[in-house]
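# Working through the structure, step by step
Below are the chains, spelled out letter by letter.
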Amino acid sequence: MLDKSKVSLGIAPIGWTNDDMPDLGKENTFEQTVSEMALAGFTGSEVGSHYPADPAVLKKALDLRGMTICNQWFSSFLISRPYEETEEAFIKQCDFLTQVGAKCIGVSEQSYSIQGMLDRPIQEGKYVMNDGEWELLTTGLNRLGRIAKDKGMVLTFHHHMGTVVQTEEEIDRFMASVDPELVFLLFDSGHLSFAGIDPEKVLRRYVDRVRHVHLKDLRKSVAEQSRKEKWSFLKGVREGTFTVPGDGDVDFAPIFKILEEAGYQGWVVVEAEQDPAKANPFEYALKARKYIAEHTGL
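Just so it is clear, the structure is predicted and the values come from calculations on it, not from any experiment.

As a further point, take the overall build of the protein chain. Along the protein chain, the regular secondary structure elements total 11 helices and 11 strands. Along the three orthogonal principal directions, the C-alpha set of the protein chain runs to about 50 × 45 × 40 Å. Here the protein chain holds 298 residues, and 57% of them are scored as buried. For the protein chain, the accessible area works out to roughly 12,500 Å², and carbon and sulfur atoms hold 49% of it.

Here's what the structure looks like:
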C-alpha cells in the first residue's frame, strides 16, 4: 500500500477537454471539470487549456473544492530555438505555478515533435538527435532545473511518444546526461507501454529520480491497430489507445509495488486522453479512483 501521508492523488483534465484537439470535450467547462474531479475523490489537477489564466481565480475555484494544482505541461524548444526564448517562458510558467501552490513543472522537448501531426504515423519517423543536440537539450534543462530549484520547484522531464526522448535508449542516455540534483523524471506508464517498453523496468531503474507519476493505461489491441494502419498519435487518442488505470492492459501491480518499496513521495496522476463523447470523463474518473483505492490504499 502507498503511504497516504506521502503520496497524493490527482487527475489530468485531458479526459474532459483535449488541449491538442479542442473539439474533443469543448462542451465541458472548467467548473464542471474540477467539480467532477473533486466529486470523484481527487485532490489534485494538472492545468488544462480551458483553465483560468488568472492564478487568483484558478486558486479560489480549486480551494472551494479542496483541490490544488500539482503540475503543468511545459513545451521546451531547446534544440531548435535560442535558449533564452525557452527560459523566458519557463520562468513565467514557474511563477504562475508558484502562485497556485504547485511544486512541479513537467517539461517536454517539443522540437521536431510529431505527436501533434495528424498526417504522421506515431510509430515511425520520429526525430533522432545528434550529439550536439543532446548537449543543447541536457545543458539547457540543467539551467532550467536550477531556476526551478531556486524558486522552490522541481523540474520533471516527460518522455513522450513522438518526441526526441521516447525510446528506452533515449531515456537512459537522458538520465545519464542531466544533473540528478536539478532534473528529474516524469514517469508515464502509458507512453512507455505504447513505445514497447516495459514500464516496470524503467521505473525500477530510476524510481529514486522520479518526482511525478502519470498513471495511464493502454489498450494494446488499439495500439497494435495504430501501428498496422499507420495512425497519427492524435487519431490513436480518438480511437481509444489510452484509458484510465485498470481499464486497459498495463500491469500496475509491480508499478505500485516499486513506488511503495522506494517510499515514493509526490503526486500520482491519472492521465488518460480519450474522446469524452465515447468515454464519459466523470464515469472514467470514478472507475480510476475505485481501482487505485483497491490496489494502493490511497
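Quick look at the sheet that holds strand β11 (residues 266-270) now. The strand order across the open sheet built from 9 strands is β3-β2-β1-β11-β8-β7-β6-β5-β4, with neighbouring strands paired in parallel fashion. The sheet is open, and its two borders are formed by β3 (68-71) and β4 (73-76), each paired with just one other strand. Strand-to-strand twist of the sheet, defined as the mean angle between neighbouring strand axes without regard to direction, takes the value 35°. Two strands pair when backbone bridges link them, and β4 and strand β5 (residues 104-109) are joined in this way by 4 bridges, in the parallel orientation. The partner of Trp73 across the bridge, within β5, is Gly106.

Within the largest apolar cluster, 88 residues are counted, with the highest numbers of intra-cluster contacts made by Phe90, Leu141 and Phe174. Examining the composition of this core, we find that 6 residues originate from one element, helix α4 (residues 131-150), more than from any other. Not counting chain neighbours up to four residues away, the residues in contact with Leu141 comprise Leu78, Val107, Leu155, Phe157, Phe174 and Val183. With 5 residues, the next largest nonpolar core counts Ile14, Cys70, Trp267 and Val269 among its residues.

Once that is clear, we can look at helix α10 (residues 253-261). Residues three or four positions apart in an α-helix share a direction because the helix packs 3.6 residues into each turn. Considered for burial, the residues of α10 that qualify are Pro254, Ile255, Phe256, Ile258 and Leu259. On its buried face, α10 is in contact with β7 (183-188), α6 (189-194), α7 (199-206), β8 (210-215), β11 and α11 (281-296). Phi turns positive one or two residues past the end of α10, at Gly263, with a value near 65°.

Another point: the packing of aromatic side chains. Here the structure, examined in full by the defined rule, presents 8 aromatic pairs. For the ring pair Tyr112 and Tyr127, a centre distance of 4.3 Å and an interplane angle of 35° mean the geometry is tilted. Residue Tyr112 is located in the loop between β5 and α4, and its partner Tyr127 is located in the loop between β5 and α4; the two are separated by 15 residues in the primary sequence. Between Phe252 and Tyr291, the aromatic rings sit 6.2 Å apart at their centres with planes inclined by 70°, giving edge-to-face as the arrangement. With Phe252 in the loop between β10 (242-243) and α10 and Tyr291 in helix α11, the pair connects residues that are 39 residues apart, well separated along the chain.

Applying the stated criterion across every chain, the model contains 1 cavity of 30 Å³ or more. Looking at the largest cavity, its volume works out to about 110 Å³. Its residues placed into classes, the lining of the largest cavity shows 10 nonpolar, 2 polar and 1 charged.

Turning to the layout of surface pockets, a few remarks are in order. When its volume is computed, the largest pocket comes out at roughly 440 Å³. Residue lining of the largest pocket: 28 residues in total, with Ile14, Asp19, Val47, Trp73 and Glu271 positioned closest to the centre. Taken together, the residues of the lining of the largest pocket break down into 8 nonpolar, 14 polar and 6 charged. What the second largest pocket holds in volume is close to 210 Å³. In this structure, the second largest pocket is lined by 16 residues; those nearest its centre are Ser193, Ile197, Pro199, Lys220 and Val250. When contributions to the lining of the second largest pocket are tallied by element, the ones reaching two or more residues are α6, α7, α8 (220-228) and α10. Here the residues of the lining of the second largest pocket sort into 8 nonpolar, 3 polar and 5 charged.

Now for the environment of Ile255. Relative to the elements of secondary structure, Ile255 occurs in helix α10. The exposure class assigned to Ile255 is buried, which follows from its relative accessible area of 1%. Along the sequence, Ile255 and His50 sit 205 residues apart, while their C-alpha atoms lie 31 Å from each other. Not counting the four nearest positions on each side in its chain, Ile255 is found in contact with Phe187, Ser189, Pro199, Leu203 and Val250.

The next point concerns α7. Of all the positions in α7, only Pro199, Val202, Leu203 and Tyr206 are classed as buried. Mapping the buried residues of α7 onto a view down its axis gives an arc of 95°, with all of them on the same face. Buried residues along α7 sit against α5 (168-177), β7, α6, β8 and α10. Of the residues that open α7, the one with a side-chain oxygen 3.1 Å from the backbone nitrogen of Glu200 is Asp198.

All right, on to the pairing of β5 then. In terms of burial, β5 is a largely internal element, 6 of the 6 residues being buried. With burial as the criterion, each face of β5 is covered, one bearing Cys104, Gly106 and Ser108 and the other bearing Ile105, Val107 and Glu109. In this region the chain leaves β4, passes through helix α3 (residues 83-99) and returns to the parallel neighbour β5; the handedness of that crossover is right-handed.

Rules used throughout
- Each chain carries its own residue numbering, running from 1 in the direction its sequence is written.
- Side-chain atom pairs in this predicted model are given and counted only at pLDDT of 80 or more, local residue features only at pLDDT of at least 70, and totals for whole chains, interfaces and linings cover all residues.
- As a rule here, side-chain values cover all heavy atoms of the structure and leave hydrogens and water aside.
- In this description a helix means any DSSP run of H or I spanning at least four residues, a strand means any run of E spanning at least two, and both kinds are numbered starting from the N terminus.
- Categorising residues by exposure relies on relative accessible area from a 1.4 Å probe, with only protein chains included: less than 20% of the type maximum marks a residue as buried, more than 50% marks it as exposed, and the intermediate range marks it as partly exposed.
- With residues, only the protein chains shown are counted as cover, and all accessible areas are computed by Shrake-Rupley using a 1.4 Å probe.
- Strand pairing is defined by DSSP finding a minimum of two bridges between the two strands.
- Note on method: axes are straight lines fitted to C-alpha atoms, helices fitted across the in-contact stretch only, with angles between N-to-C directions ranging 0 to 180 degrees.
- Throughout this description, the term nonpolar core refers to a set of buried Ala, Val, Leu, Ile, Met, Phe, Trp, Tyr and Cys residues connected via side-chain atoms within 4.5 Å.
- The contact criterion used is simple: two residues touch if any of their non-hydrogen atoms lie within 4.5 Å.
- Any two rings among Phe, Tyr and Trp, with Trp reduced to its six-membered ring, count as a pair given centres within 6.5 Å; such a pair is stacked if its planes are under 30 degrees apart, edge-to-face if over 60, and tilted if neither.
- Here a cavity denotes a set of grid points, spaced 1 Å apart and computed over the protein atoms alone, in which a 1.4 Å probe fits but from which it cannot get out, and a pocket denotes an open set meeting protein on both sides within 12 Å along at least five of seven lines; residues with an atom within 4 Å of a point are reported as lining.
- Grid points are joined across faces, edges and corners, and a volume is the space filled by probe spheres set on the points.
- Basically, the charged four are Asp, Glu, Lys and Arg, the nonpolar ten are Ala, Val, Leu, Ile, Met, Phe, Trp, Tyr, Cys and Pro, and anything else, Gly included, counts as polar.
- Note that the arc is computed from the directions linking the helix axis to the C-beta atoms.
- For the purposes of these results, a polar contact is taken to be a pair of N or O atoms within 3.5 Å, where, inside protein, one atom must be able to donate a hydrogen and its partner to accept one; residues adjacent in sequence count only when each atom of the pair is a side-chain atom.
- Here the term right-handed applies to a crossover when the path leading from its first strand over the helix to its second strand runs clockwise, the strands being oriented away from the viewer.

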